[in-house]
Amino acid sequence: MPAQGQPVNSRSTQSRRRTRLARTLAVAGTGAAVLALPLLGATTAAAATPAATTAATAYPNNLDGWIRQALSVMSQHGIPGSYDGIYRNIMRESSGNPQAINLWDSNAAAGTPSKGLLQVIDPTFAAYHVPGTAYDPYDPVANIVAACNYAADRYGSIDNVFGAY
């Protein structure tokens, strides 16, 4: 309780706390200070809007980055799946080659070869494509997300797929 029943000036109290936190972080090292900087400015509801606090995540242009980006898209659309389940199926289907195409199986014989990291045929890709991803079965992220969407519909999750699907 404030001394003498005086109201606390919340702005000055918040300012003192931020200053104390900033000093503590400066002593702890610049790495911690850099991580905390976005937190210091978000003292009002207006400052905490998604546009103000959410930075675009850059994913590497490799298998790890494609899977992580796909998982991010999948979480936004309620599509289940894990990194391990996706990785396991990619290694079996394409060995991680986003340009892989199967020209010899029954799908290819019917005129719809399997394509991309998770070997999706065009009709399946079209039916399970997720908005916000490229409309290209060779696009790694679009291929993963569409295949996981299909696997979720058919098997509950890509994590439940242990063979050709």
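Above this note sits the structure.
First, a word on scope: everything that follows refers to the structure included in this document. The structure presented is a predicted model; accordingly, all values stated were derived computationally and were not measured. (Residues numbered from 1 in each chain as written. Predicted model: local features only at pLDDT ≥ 70, side-chain atom pairs only at ≥ 80, totals over all residues. Heavy atoms only, no water.)

As a further point, take the packing of helix H4 (residues 63–77) against helix H5 (residues 83–93). Relative to each other, H4 and H5 sit at 130°, their axes nearing to 10 Å. In this view, H4 runs oblique relative to H5, as classed from their interaxial angle. Of the two possible hands of crossing, H4 and H5 adopt the one that is right-handed. Facing H4, whose interface residues are Leu63, Asp64, Ile67, Arg68, Leu71 and Met74, H5 presents Tyr83, Ile86, Tyr87, Ile90 and Met91. Here the residues of the contact of H4 with H5 sort into nine nonpolar, no polar and two charged. (Axes fitted to C-alpha atoms, helices over the stretch in contact; angles between N-to-C directions. Helix = DSSP H or I, 4+ residues; strand = E, 2+ residues; numbered from the N terminus. Parallel < 35°, antiparallel > 145°, perpendicular 65-115°, else oblique. Left-handed = near helix turned anticlockwise from the far one by under 90°. Contact = heavy atoms within 4.5 Å. Nonpolar A, V, L, I, M, F, W, Y, C, P; charged D, E, K, R; others polar.)

Time to look at the side chain of lysine 115. Along the chain, lysine 115 falls in strand E2 (residues 114–115). Look past the residues within four positions of lysine 115 in its chain and what remains in contact with it is Ala100, Ile101, Val120, Asp122, Pro137, Tyr138 and Asn143.

Let's shift gears to the packing of H4 against helix H8 (residues 140–155). The contact between H4 and H8 brings their axes to 9 Å, and the two run at 50°. Between H4 and H8, the crossing angle belongs to the class labelled oblique. Here the hand of the crossing between H4 and H8 comes out right-handed. Every residue of H8 that contacts H4 at Trp66, Ile67, Gln69, Ala70, Val73 and Met74 is listed here: Pro140, Val141, Ile144, Val145 and Cys148. Residue composition of the contact of H4 with H8, by class: 10 nonpolar, one polar and no charged.

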